[in-house]
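# An overview of the molecular structure
Okay, here's what each chain looks like letter by letter:
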Protein chains: 2
Amino acid sequence: MRIAKPDPLSKPAGAAPSKGATQLLGRRPGRNDTRETILNAAERTFSACGFTGTSHRQLAEEAAVNQSLIFHYFGSKEGLYRSVFLRRGQQLVHDRLALLTNLEKRDGEPPTVKDLVRAYLTPAFDLKRQGQGGIHFLNLQARLHTEPTELTEDLRAALYDEPMQRYVAALQHAMPEIDARTLYWRMVFSIGAYLYTIADLHRMRVLSGEARGGGHDLDETLAQLIVFITGGLTATPQDGR
Amino acid sequence: MRIAKPDPLSKPAGAAPSKGATQLLGRRPGRNDTRETILNAAERTFSACGFTGTSHRQLAEEAAVNQSLIFHYFGSKEGLYRSVFLRRGQQLVHDRLALLTNLEKRDGEPPTVKDLVRAYLTPAFDLKRQGQGGIHFLNLQARLHTEPTELTEDLRAALYDEPMQRYVAALQHAMPEIDARTLYWRMVFSIGAYLYTIADLHRMRVLSGEARGGGHDLDETLAQLIVFITGGLTATPQDGR
């Protein structure tokens, strides 16, 4: 069994995690099975019960390990939460930024608003497709506003500020007539729309699918979201039918 | 001290709560102080810790009452949760439907999409303006996807299906070219956008307000949301800049 050391953060190929993320995690995600088992169990438990609602004992029971092992690997419940947050969060952010870079390098036209929306959303839907772990992570993101601010604020800033700024800059380029503050608002609305939807597809089935004899899948959800969010981002106050 | 009886639900003036809501609540919200104290404490606790993460003991401690009083008034933790959910939820739904009825009775033009969006959102912002209680209720709504489905599904259906159907019908009238299924999707996205934003205004301040020297208030949030959601609801797949 290889024991993870508090080394600088290992990173996905091509990723350049921000310094903030590195400082916050402080341990290397490795192929260590016990460590991964604890992370998976904690991801599931934190997403269901929240940080405050999850006890050390519960974390140990869910992972079927001794509580001391959790302290050994993660130092504290906070440390474990941070590691859970950053493990998939860094992948998400890396993919978001890589897709944006590809769009910006593309010959010819600069990215349209719809291109940018698709690039922003696709990595989150890929996480959802990864199965339960990805879904638990997305649920964790969808409930961040219920977590203690002092726990999540640095994590969110370390992970999400850079992609937010780069996407807003690209949107600004595509829509120079809309001020940056409005674009920040609209990005927040967009994130709310996608996180709520992706975390709560059951409700959509209740509302529309079953009544109309149709199921729905992630591809339809993504396609519908892209149209909706693009419409919202490009809206002018005069519109309204 | 007047003890609430398991009578049919009392209702706000002019409200016509669905039969489902009546059956689910089963008790009359009264002016009973102890009962209201328990409801307020439970609203705060459930919104912070979730249904599963909240114990009977915690509920009693937060309300500073004996656990047996909670059973006396609400029968069970489930019963208490339902009462918390329906207390402000019925007001919200009542106001939403009343505003829609007013729009539909208006002489002249039928309601525009923007009219409908404003009517849908305004009662939620009014709740937010009511202070901590309203905010806790909205946070509870924003975390429904983290609660046990068997607990929330009936409640959501009893409360929210009727306004959803009536708003979708009105939107359909304003936009006959968009199919009903797409309108349901877009309403779900809209609800996600507003609940996430309203529950998490702190994040918006971090992202934009402080960096740009501006605060923000609920009026600005509502105005920005109305434009965004109207743009999203009226979007056509060909748009994309």
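If you're wondering where the values come from, they're calculated on a predicted model, not measured in any experiment.

## Some words on the overall build of chain A
- When helices and strands are tallied, chain A shows 11 helices and zero strands.
- For chain A, the N- to C-terminal ordering of α and β elements is α-α-α-α-α-α-α-α-α-α-α.
- Taking all 241 residues of chain A together, 57% fall into the buried category.
- Taking as baseline every contact in chain A between residues at least 6 positions apart, the subset at least 24 positions apart corresponds to 70%.
- Carbon and sulfur atoms form 51% of the exposed surface of chain A, whose accessible area is close to 9,900 Å².

## Side note on the pattern of salt bridges
- What the rule picks out here adds up to 20 salt bridges over all chains.
- Here Asp219(A) and Arg129(A) are joined by a salt bridge, their closest N and O atoms 2.6 Å apart. Of this pair, Asp219(A) sits in helix H11 (residues 218–233) while Arg129(A) sits in helix H6 (residues 113–129), and the two are 90 residues apart along the sequence.
- One salt bridge connects Asp115(B) with Arg106(B), and the closest N-O pair in it is separated by 3.0 Å.
- When its relative accessible area of 17% is taken as the criterion, Asp115(B) is described as buried.
- Among the charged side chains, a salt-bridge network with shared partners connects Glu36(A), Glu43(A), Arg87(A) and Arg88(A).

## Considering the side chain of Thr234(A)
Residue and element names in this part refer to chain A.
- Locating Thr234 in the fold gives a position in the segment after H11.
- A relative accessible area of 13% means that Thr234 is categorised as buried.
- Side-chain polar atoms of Thr234 contact the backbone oxygen of Gly231, separated by 3.4 Å.

## Examining the packing of helix H7 (residues 132–142) of chain A against helix H9 (residues 180–199) of chain A
Residue and element names in this part refer to chain A.
- The interhelical angle for the contact between H7 and H9, taken along N-to-C directions, is 135°, at an axis separation of 9 Å. It follows that H7 is oblique to H9 by the angle criterion. Our pair here, H7 against H9, has a crossing hand that is left-handed. Between H7 and H9, the residues in contact are Leu138, Asn139, Gln141 and Ala142 and Leu195, Ile198 and Ala199, respectively.
- Considered class by class, the residues forming the contact of H7 with H9 number five nonpolar, two polar and no charged.

## Quick word on the nonpolar core
- Leu80(A), Leu121(A), Leu80(B) and Leu121(B) are the most contacted members of the largest nonpolar core, which has 136 residues in total.
- The contacts of Leu80(A), once residues within four sequence positions are left out, are Ile38(A), Leu39(A), Ala42(A), Phe46(A), Leu59(A), Ile70(A) and Phe74(A).

## Description of the environment of Glu162(B)
Residues and elements named next belong to chain B.
- For Glu162, the position within the fold is in helix H8 (residues 149–174).
- The exposure class assigned to Glu162 is partly exposed, which follows from its relative accessible area of 33%.
- Separated by 121 residues in sequence, Glu162 and Ala41 place their C-alpha atoms 29 Å apart.

## Here we look at the packing of helix H2 (residues 33–49) of chain A against helix H4 (residues 67–74) of chain A
Residue and element names in this part refer to chain A.
- Contact pair H2 / H4: the axes reach a minimum separation of 11 Å and the direction vectors enclose 100°. The orientation of H2 with respect to H4, classified from their angle, is roughly perpendicular. Between H2 and H4, the residues in contact are Thr34, Arg35, Ile38 and Leu39 and Leu69, Ile70, Tyr73 and Phe74, respectively.
- When grouped by side-chain class, the residues that make up the contact of H2 with H4 number six nonpolar, one polar and one charged.

## Looking at the environment of Ala158(A)
All names here are of chain A.
- Position of Ala158 among the secondary structure elements: in helix H8 (residues 149–174).
- Overall, the relative accessible area of 14% leaves Ala158 in the buried class.
- For Ala158 and Ala170, which are 12 residues apart along the polypeptide, the C-alpha to C-alpha distance reads 20 Å.

## A short note on the packing of aromatic side chains
- Under the definition given, this model contains 19 aromatic pairs over all chains.
- When the centroid spacing of 6.2 Å and the interplanar angle of 55° are considered together, the rings of Tyr73(A) and Phe74(A) count as tilted. An identical accessibility class is assigned to Tyr73(A) and Phe74(A); each is buried.
- One aromatic cluster is present, formed by Trp185(A), Phe189(A), Phe228(A), Trp185(B), Phe189(B) and Phe228(B) through successive ring pairs.
- The residue whose ring lies beneath Lys77(B) is Phe51(B), and the NZ or CZ to ring-centre distance is 4.3 Å.
- Residue placement shows Arg96(B) over the ring face of Tyr120(B); its charged tip is 3.8 Å from the ring centre.

## Let's talk about the confidence of the model for chain A
All names here are of chain A.
- For chain A, mean pLDDT is 82; residues scoring 70 or higher make up 79% of the total.
- Mean pLDDT values over the elements of chain A span from 45, in helix H1 (residues 19–25), up to 95, in helix H5 (residues 77–105).
- Long-range and interchain partners of residues 209–215, a stretch whose pLDDT sits below 50, account for 10 contacts in this model, where long-range means more than four residues apart.
- Two numbers describe this predicted complex: its pTM, 0.82, and its ipTM, 0.81.

## Digging into H5(A)
Residue and element names in this part refer to chain A.
- Taking 1.5 Å per residue as the helical rise, H5 with its 29 residues ought to reach 42 Å, and the 42 Å between its terminal C-alpha atoms agrees with that figure.
- Approximately 30° is the largest bend angle found in H5, and it occurs at Gly89.
- The backbone nitrogen of Glu78 lies 3.4 Å from a side-chain oxygen of the residue at the head of H5, namely Ser76.

## Digging into unusual backbone geometry
Residue and element names in this part refer to chain A.
- In the Ramachandran plot, Ala64 falls in the positive-phi region, its phi being about 55° despite a non-glycine side chain.
- Mapped onto the fold, Ala64 is located in the loop between helix H3 (56–63) and H4.
- Ala64 gets classed as exposed once you look at its relative accessible area, which sits at 68%.

Scoring rules and cut-offs
Residues numbered from 1 in each chain as written. Chains lettered and ligands numbered in written order. Predicted model: local features only at pLDDT ≥ 70, side-chain atom pairs only at ≥ 80, totals over all residues. Heavy atoms only, no water. Helix = DSSP H or I, 4+ residues; strand = E, 2+ residues; numbered from the N terminus. Buried < 20%, exposed > 50% of the residue type's maximum accessible area, 1.4 Å probe, protein only. Contact = heavy atoms within 4.5 Å. Areas by Shrake-Rupley, 256 points an atom, 1.4 Å probe, with all protein chains shown as cover. Salt bridge = Lys/Arg side-chain N within 4 Å of Asp/Glu carboxyl O. Polar contact = N/O pair within 3.5 Å; in protein donor to acceptor, adjacent residues only side chain to side chain. Axes fitted to C-alpha atoms, helices over the stretch in contact; angles between N-to-C directions. Parallel < 35°, antiparallel > 145°, perpendicular 65-115°, else oblique. Left-handed = near helix turned anticlockwise from the far one by under 90°. Nonpolar A, V, L, I, M, F, W, Y, C, P; charged D, E, K, R; others polar. Core = buried A, V, L, I, M, F, W, Y, C linked by side-chain atoms within 4.5 Å. Phe/Tyr/Trp six-rings, centres within 6.5 Å; stacked < 30°, edge-to-face > 60°. Lys NZ or Arg CZ within 6 Å of the ring centre and 35° of its normal. pLDDT = per-residue confidence, 0-100. Expected span 1.5 Å × (residues − 1). Bend = angle between axes of the 7 residues up to and from the residue.

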